[in-house]
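Overview (structure and organization)
So you can see what is in the structure, the chains are spelled out below.
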Amino acid sequence: MKNSGGGRGFIRVMGVLTVIFVAGIGAALGIAVAETANIMNQENFQEFAPALPTKILDINGELITEFSADEKRELVSLADLPRHLIFAVLAREDPDFYKHKGFSIRGIARAAYGLLIGRNLGGGSTITQQVAGTLYTDRSERKISRKIRELWWALQMERRYTKNEILEIYLNYMYMGPGVYGVEAASKYFFGHSAKDISLAEAAILVIQLSSPAKYNPLDNPNLAMDRQLSVLDRMIELGYATKADTEASFDEYWENYDYTRVSQAAYFNRDDKAPWFSEYVRRELDGMMYKTMDYYRDGYTVHTTLDLSFQDAAQRYMSEGITRANREYRASSGNRLVRAERMYIPIVNLLSLAFDVNILTSTSQEHNQTRAMNRYTKVLNPVIDLASLAFGVEGMKDISNAGFVELKASTEENVVEGALILIENETGYIQALIGGSKYDENNQLIRATQGHIMPGSSFKPLYYSAAIDSGKFTPSSMIYDVPVVFHNEDGTPYIPLNFRGEWNGSVLLYDALAQSMNVASIKILDTIGFDAAIDRASMLLGITDPNIKRRTFPHVYPIGLGIISIAPVQMARAFATFANEGREVTPMAIRYIENRNGTVILDNEREIRQKQRQKGGAIQLISPQNAYIMTSLLKKTVEIGTLGGQGAKFVFANDKGERYRIAAAGKTGTTQNWSDAWTVGFTPYYTTAIWFGFDRPGNSLGLTLTGATLAGPIWGDFMREVHRKLPAKDFRRPESGLVDVRVCAKSGQLLTPSCNQGSVTLTFLDKFRPAEYCTYHENGEYRTHMAMESLRSGVSAFDDRDVISGLKMPTLDLGQLPDAAPAAMPATGNSGANEIGDNELLFDFTVPSFDDFELPSYNPLME
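Residues numbered from 1 in each chain as written. Predicted model: local features only at pLDDT ≥ 70, side-chain atom pairs only at ≥ 80, totals over all residues. Heavy atoms only, no water.

**Looking at the overall build of the protein**
The number of helices and strands found in the protein is 26 helices and 21 strands. Expressed as a percentage of its 864 residues, the buried residues of the protein come to 50%. When contacts within the protein are restricted to residue pairs at least 6 apart in sequence, long-range pairs at least 24 apart make up 72% of them. When the accessible surface of the protein is split by element, carbon and sulfur atoms take 53% of a total near 41,500 Å². (Helix = DSSP H or I, 4+ residues; strand = E, 2+ residues; numbered from the N terminus. Buried < 20%, exposed > 50% of the residue type's maximum accessible area, 1.4 Å probe, protein only. Contact = heavy atoms within 4.5 Å. Areas by Shrake-Rupley, 256 points an atom, 1.4 Å probe, with all protein chains shown as cover.)

**Structural notes on the sheet that holds strand β19 (residues 687-694)**
Taken together, 5 strands build an open sheet; the order of strands is β8-β7-β19-β18-β17 and the sheet is antiparallel. The strands lining the two open edges of the sheet, one partner per strand, are β8 (431-435) and β17 (666-671). If you compare each strand with its neighbour and ignore which way they point, the axes differ by 5 degrees on average. Relative to β8, strand β7 (residues 418-425) runs antiparallel, the two sharing 4 bridges. Bridge pairing in β8 links Ile422 to Leu434. Where helix α21 (residues 569-580) meets the sheet, its contacts fall on β7, β17, β18 (677-683) and β19, and the angle it forms with β18 comes to roughly 30 degrees. With respect to the sheet, helix α24 (residues 708-723) is in contact with β7, β8, β17, β18 and β19, its orientation differing from that of β18 by roughly 35 degrees. (Pairing = 2+ DSSP bridges. Axes fitted to C-alpha atoms, helices over the stretch in contact; angles between N-to-C directions.)

**Describing the sheet that holds strand β1 (residues 54-57)**
Within a beta sheet, neighbouring strands are joined by backbone hydrogen bonds and run either parallel or antiparallel to one another. One open sheet holds the 5 strands; their spatial order is β2-β1-β6-β13-β14, and the pairing between them is mixed. Strand pairing shows two members of the sheet lacking a second neighbour, β2 (63-67) and β14 (601-603), which therefore form its edges. Strand-to-strand twist of the sheet, defined as the mean angle between neighbouring strand axes without regard to direction, takes the value 25 degrees. As defined by bridge partners, β1 adjoins strand β6 (residues 302-305) across 3 bridges and the pair is classed as parallel. Each bridged residue has a counterpart across the sheet, and for Ile56 the counterpart in β6 is Val303. Along the sheet, helix α22 (residues 605-616) contacts β13 (591-595) and β14; its crossing angle with β13, the most-contacted strand, is approximately 135 degrees.

**Details of the pairing of β2**
Pairing of β1 with β2, which is carried by 4 bridges, proceeds in the antiparallel orientation. Each bridged residue has a counterpart across the sheet, and for Lys55 the counterpart in β2 is Glu66.

**Focus: the side chain of Ser250**
You can see Ser250 is positioned in helix α10 (residues 244-256). Among residues more than four places away in sequence, those in contact with Ser250 are Ser199, Leu200 and Ala201.

**Considerations on the confidence of the model for the protein**
Here the protein averages 79 in pLDDT, while 70% of its residues score no lower than 70. Per-residue pLDDT stays below 50 along residues 1-5; that stretch engages in 0 contacts with residues further than four places along the chain or on separate chains. Between residues 363-368, whose pLDDT stays under 50, and residues either more than four places distant or in other chains, the model counts 5 contacts. (pLDDT = per-residue confidence, 0-100.)

**Considering the pattern of salt bridges**
Going through the model one piece at a time under the given rule, you end up with 24 salt bridges. In this structure, Arg317 engages Glu722 in a salt bridge whose closest nitrogen and oxygen atoms are separated by 2.7 Å. Here the residue Arg317 occupies a position in helix α12 (residues 309-356), and Glu722 occupies one in helix α24, the gap between them amounting to 405 residues. Here Lys550 and Asp536 are joined by a salt bridge, their closest N and O atoms 2.7 Å apart. Of the two residues, Lys550 sits in helix α20 (residues 547-553) while Asp536 sits in helix α19 (residues 531-542), which places them 14 residues apart along the sequence. The class of Lys550 is partly exposed, set by a relative accessible area of 23%. Overall, the relative accessible area of 40% leaves Asp536 in the partly exposed class. Each of Glu280, Arg283, Arg284 and Asp287 takes part in salt bridges that share partners, so that together they form one network. (Salt bridge = Lys/Arg side-chain N within 4 Å of Asp/Glu carboxyl O.)

**Quick look at the environment of Glu184**
Of note, Glu184 is situated in helix α7 (residues 182-191). Remark: the alpha-carbon pair of Glu184 and Leu75, spanning 109 residues in sequence, is separated by 6.8 Å. If we skip the residues at most four places from it in the chain, Glu184 touches Glu74, Val76, Ser194, Ala195 and Lys196. A distance of 2.9 Å separates polar atoms of two side chains, one belonging to Glu184 and the other to Ser194. (Polar contact = N/O pair within 3.5 Å; in protein donor to acceptor, adjacent residues only side chain to side chain.)

**Focus: the packing of aromatic side chains**
Both the distance between ring centres and the angle between the ring planes are used here to describe each pair of aromatic rings. Within this structure, the stated rule accounts for 26 aromatic pairs. Between Trp255 and Tyr258, the aromatic rings sit 5.0 Å apart at their centres with planes inclined by 45 degrees, giving tilted as the arrangement. Positioned over the ring face of Tyr318 is Arg317, at 5.1 Å from the centre of the ring. Between Lys730 and the ring centre of Tyr686, over which it is positioned, the NZ or CZ distance is 4.8 Å. (Phe/Tyr/Trp six-rings, centres within 6.5 Å; stacked < 30°, edge-to-face > 60°. Lys NZ or Arg CZ within 6 Å of the ring centre and 35° of its normal.)

**Considering the packing of helix α16 (residues 461-471) against helix α18 (residues 519-529)**
Running from N to C, α16 and α18 cross one another at 50 degrees; their axes reach a closest spacing of 10 Å. Considering their axes alone, α16 and α18 lie oblique with respect to each other. Where α16 crosses over α18, the handedness of that crossing is left-handed. Contact residues: α16 offers Lys461, Tyr464, Tyr465, Ala467, Ala468 and Ser471, while α18 offers Asn519, Ser522, Ile523, Ile525, Leu526 and Ile529. When its residues are assigned to classes, the contact of α16 with α18 shows 8 nonpolar, 3 polar and 1 charged. (Parallel < 35°, antiparallel > 145°, perpendicular 65-115°, else oblique. Left-handed = near helix turned anticlockwise from the far one by under 90°. Nonpolar A, V, L, I, M, F, W, Y, C, P; charged D, E, K, R; others polar.)

What follows is the structure, given as structure tokens:
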């Protein structure tokens, strides 16, 4: 083994020496050729390949849009640029630029050695070579012949142009961001001012765009940009181009004034586009796949995608209707509340302020008027001021209008309902429809379907129910008591989950608790299996593998059981598609492969994804097919009897002969705290769709009438019906072994007995965890206990049997946190006979602690 390792090391050394030798020969040859007087067309430096748009095609070959050659470029003279910008470019890209003859042996050797050892040690191209490669070669071509042509042209440029002229071409020509070329256009795009006025820290930000505009874009990845910016500034200090004090001051000023709410945008909003949200997602994917090697505004590529335009059209239609309806009902409910408050309470407040001379109360009315005035200013007057400032060049007016737009943007994010949809094919991971929001334009570019950080609410529950099924601690027929319970987080803070509308159901079976989205029962499941098991399963299904992201996403607190985390709809679609795909991992993809202008495939993204999946071997099976099938069976109940019960009929179709058939469907709804987000994530054997409605900024409520079941659910049903209209009947594939169907008592979840008179249900179980006990619910005192629980829920109770009372299981409270005194409205003791009690009183034959000073948690969601 040692000899083998030494042999490989020797081969690597010889390889490096060979590369250096060849580079030296090539350089010498290039110099010789450069000095030859009879070079044909030696001055023909401006013969570039004609610019062609890049075509984006859907899965059927239909044109979605074109990324045209309309470039945002503004030329600037090298003499007009500040010295620190030039120094930053040299420090980052080519410190020896003014010393070499167009190439660097040291740089070539470093890049070659990095290639041999499999590490990125920096590029080997000088600034001259980068310009030559961009102007005269196809930089997506990874061949030695291309590098030789690049070197030849670099030597010709060194003969033809001065160093300052080459640097000026470089700073004006290179791609530096979404649709922007050159430092002048890039400076105005990123910072809002000319490169002539650029600061030291801004110069460092601009320079790093030359290496990877997608990766180091400060609008998309501010943390990565900050790290690389620091490295450039440190390098400038090292080379004597800047002082430590100047760099630190400029760095601090830049990030103190950084706008974290701004998103990246492309300069192509005037094009025809049948799916603008999807096209923008593809553009960003292209940036990441082929940065610095392709110019999709000029190079004439053809990008074959996964989108189905017929599905996209349906998605756009239904989501537009849903967003319109949501905003209409939200404004109506909000307006009614404000009108009632204005007509009833404000006059009373003003009267009280006058009667008792309390001026602070009067300000309530004044603040209300100020709010109305601000709304009118931002929506009506501010656009006029902005237009006037542009027409007459009045900078002061422009500052005022900018402030107004900031206020309007914040108000819009808080008060306008947005929405997102993503459709994934279960088996392939193809993204076949994508809606990122309402209307895509320069002011609305956040692709919420893939970039959103949204609480999923109860749609998150199935992810850890999956872990509960595998644990053996729960089965689909496990009985759980849905009654008020106090849980305590790891830091000791109490947490009291509430059900939707504050209703309780007593004893329920697990399948029904999930179908009806019962919160207390779900938190009990989370508490029993433990945070680690729940988080591990959820993160795996969501595709979260980074330990740091996993830790930040899933705190060890009970509210995570109700979806109090931040994730994107595409992650929820991925998780549910795993259930539909028999437990195998699903990797969402939008780009299949890319061809150059000659029809040659230069990047096969799908092949690379499939290769990675094959390399995973058995690890591609995230959960067992048996677990996936049980979870699918449970989620089918949601469509049959649960919160999506009204959507099941939409999956019934008729064939050409008029024969009716059904396509199986499953899913889960979710409504978050204060009814601020509405979700539905559902799937069939063919496709999975995730739909969300809500606000970009938290704080407002959609209202009681707009929930996952009432808003997102119907749109999910309508859209999925259209997607499946021409597909044949299909059910979810059942594993051949490991599962068993058992008919159990609908109340106890145990095996049926002759006494079971409240119905039965057939459920699917893991074979090793099938029910083994016969129903005891109807055979002994548990039935009477249940009736007592039911009477408790109705507010009237009469106990005359000590055995019944002993069967009641009340929540465990930390008595150390309770005060000694009992409230007067709740007597400390009661008698065992019949009691007359009010709506807020319960009398038991035991001591009831006081709740006067018990501090409830501030976070107490009412969720679906």
